[in-house]
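# Residue-level structure breakdown
Listed below, chain by chain, are the residues.
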Amino acid sequence: MKKTVFIIIIFFSSFNYIFSQQEVSVFIGTSFFHGDVGYNSLEFGNTDKLFQNGKTAWGLSFRNNFNERFSIHLAFKKGVISAYDSQSEDSFFIERNLDFQSNMSQFSANIEFNFSHYKIGSNKFNKALYVFTGISGFKFNPTGTSNEGNWINLQPLGTEGQGSSIYPDKEKYSLFGIGIPIGLGYKINFNQNMALNLSWSWTLTFTDYIDDVSTQYVNPSILSPLAQQMADKSSFGFEDGYQRGNSQNNDKFGFVGLSIVYKIPRKSFCSDISYY
């Protein structure tokens, strides 16, 4: 019995040593999108186009620092993404004239690496550039504007023939997805218990339907009147089978903004350990 108790004490002591410092934070910023609809060039010098439809995004997160270099970061972020073909510089997109808007909620688990030693409360290691990657789950729901100016849910309409007996292999896409966040940021201490983090995250997804556009136009006769209106907003009408989107290039979205970080107080001596 004494041996068991001793092992349990050693286990929790080791656990406390490894997990040295925890933090919580509040994020405020904006969200952005890159997909089939709207301005989709990411050439250097044109990335500002990503933010022309930016809306306020917010989030909450928890970070557990293993040491002064590595940490795991759990984050929830919520924003609104949108895009408009009318803002493109490509004549095809302008004629296609599609648009979309979607609420975006993401929960991610990321591993972070600081390029220099960093710890909140340290006078010496008080700032660091960092990178991160991980995995995320996200929820979206694309909507488009009708002729009356109302935002209409697009997924139930099957604008590319999803759910139609004519296309039995085309199932309606899920409104939940898996992504791989990548990003970078900068941390700087504010005082002994607080810090500021500036971050840019970019989520690579495995879906091409965040904007409801991926493959070809279908025969409008298999669509409902509302679906016909939302599927083809061009002035002349595209033929069945004409390219509507690029299914070989999945959609991406991201967040950029500032986080106010608070170090959770700990009574353990381990919170004062410097590993370097």
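Scroll up to find the structure.
Residues numbered from 1 in each chain as written. Predicted model: local features only at pLDDT ≥ 70, side-chain atom pairs only at ≥ 80, totals over all residues. Heavy atoms only, no water.

## Side note on the overall build of the chain
Counted only if it meets this: Think of it this way: any DSSP run of H or I at least four residues long counts as a helix, any run of E at least two long counts as a strand, and we number them from the N terminus. Each residue is assigned to one of three classes by its accessible area relative to the maximum for its type, calculated with a 1.4 Å probe on protein chains only: buried under 20%, partly exposed between the two thresholds, exposed over 50%. Residue exposure ignores everything except the shown protein chains as possible cover, and the areas themselves are Shrake-Rupley values with a 1.4 Å probe.
From N to C terminus, the chain includes three helices and 10 strands. In the chain, the succession of α and β elements from N to C terminus is α-β-β-β-α-β-β-β-β-β-β-α-β. Across the 276 residues that make up the chain, the buried fraction comes to 46%. By element, 62% of the accessible surface of the chain is carried by carbon and sulfur atoms, the whole surface being about 14300 Å².

## Some points on the nonpolar core
One broad trend across soluble globular proteins is that nonpolar side chains are buried collectively. The condition is simple: Put simply, buried Ala, Val, Leu, Ile, Met, Phe, Trp, Tyr and Cys residues joined by side-chain atoms within 4.5 Å make one nonpolar core. The contact rule is simple, with two residues in contact once any of their heavy atoms fall within 4.5 Å.
By size, the foremost hydrophobic cluster in this structure holds 26 residues, and its most contacted members are Phe100, Met104, Phe140 and Ile210. Broken down by secondary-structure element, the contributors of at least two residues to this core are β1 (21-34), β3 (70-84), β4 (99-114), β5 (127-140), α3 (225-231) and β10 (252-263). Considering each element in turn, this core owes the most residues, three residues, to α3. Filtering out sequence-adjacent residues up to four positions away, Ile210 remains in contact with Phe33, Ile81, Phe100, Met104, Phe138, Phe140, Pro142, Thr205, Asp251 and Phe253. Tyr118, Ile120, Ala128 and Ala195 belong to the second largest nonpolar core, which has five residues in total.

## Here we look at the pairing of β5
Threshold: DSSP-based pairing: two strands are paired if at least 2 bridges between them are found.
Examined bridge by bridge, β4 and β5 share 11 bridges and lie antiparallel to one another. Considered in β5, the bridge of Phe113 is made with Val131. Pairing of β5 with strand β8 (residues 176-189) involves 11 bridges; the strand directions are antiparallel. For Lys127, the partnering residue across the bridge sits in β8 and is Ile188.

## Focus: the packing of aromatic side chains
Threshold: Only rings of Phe, Tyr and Trp enter the pairing, Trp through its six-membered ring, and a pair is recorded when the two centres are within 6.5 Å. The plane angle decides the type: under 30 degrees is stacked, over 60 is edge-to-face, the rest tilted. Two limits define a charge over a ring: the Lys NZ or Arg CZ must be within 6 Å of the ring centre, and within 35 degrees of the ring normal.
Under the counting rule described, the total for this entry stands at 18 aromatic pairs. Relative to Phe115, the ring of Phe113 has its centre 5.5 Å away and its plane inclined at 80°; by these criteria the two rings are edge-to-face. Note on Phe113: relative accessible area 27%, which makes it partly exposed. On the basis of an interplanar angle of 70° and a centroid distance of 5.1 Å, the ring pair of Phe138 and Phe253 is categorised as edge-to-face. Placement of the pair is Phe138 in strand β5 and Phe253 in strand β10, with a sequence separation of 115 residues. In this pair, the class of Phe138 matches that of Phe253, namely buried. Three or more aromatic residues joined by ring pairs form one cluster here, namely Phe92, Phe93, Tyr217, Phe236, Phe238 and Tyr242. Seen from the ring of Tyr130, Lys187 lies directly overhead, with NZ or CZ sitting 4.6 Å from the centre. The ring centre of Tyr217 lies 5.8 Å from the NZ or CZ of Arg244, which sits over that ring.

## Brief notes about the side chain of Asp85
For clarity, the cut-off: For this analysis, a polar contact is any N or O atom pair within 3.5 Å, provided that within protein one partner can donate a hydrogen and the other can accept it, and provided that sequence-adjacent residues contribute only side-chain to side-chain pairs.
Within the secondary structure, Asp85 is located in the loop between β3 and α2 (91-96). A polar contact is formed between the side chain of Asp85 and the backbone nitrogen of Gly38, at a distance of 2.9 Å. When near neighbours in sequence (up to four residues on either side) are disregarded, Asp85 contacts Asp36, Val37, Gly38, Phe93, Ile94, Arg96, Asn97 and Leu98.

## Observations concerning unusual backbone geometry
The phi dihedral of Asn97 is positive, around 65°, even though this residue is not glycine. Counting through the fold element by element, Asn97 comes out in the loop between α2 and β4. Owing to a relative accessible area of 32%, Asn97 belongs among the partly exposed residues under this scheme. If you check the backbone angles, Asp212 has positive phi at about 70° while not being a glycine. Checked against the element boundaries, Asp212 lands in the loop between β9 (194-205) and α3.

## Overview of the environment of Leu184
Along the chain, Leu184 falls in strand β8. Taking C-alpha positions, Leu184 is 5.6 Å from Tyr130, a pair spaced 54 residues apart along the chain. In this structure Leu184 touches Tyr130, Val131, Phe132, Leu198, Ser199 and Trp200, once residues within four positions along its chain are discounted.

## Examining the environment of Asn123
You can see Asn123 is positioned in the loop between β4 and β5. A C-alpha to C-alpha distance of 8.5 Å links Asn123 and Gln192, two positions 69 residues apart in sequence.

## Quick word on the pattern of salt bridges
Our working rule: One speaks of a salt bridge when a side-chain nitrogen belonging to Lys or Arg is within 4 Å of a carboxyl oxygen belonging to Asp or Glu.
Enumeration over the complete set of coordinates arrives at six salt bridges. Where Arg63 meets Glu112, a salt bridge forms, and the shortest distance between an N and an O atom there is 2.8 Å. Remark: Glu112 occurs in strand β4 and Arg63 occurs in strand β2 (residues 56-65); sequence separation between them is 49 residues. Across the pair, Glu112 and Arg63 agree in class, each one buried. One salt bridge in this structure joins Glu160 and Arg244, with 2.9 Å as the shortest N-O distance.

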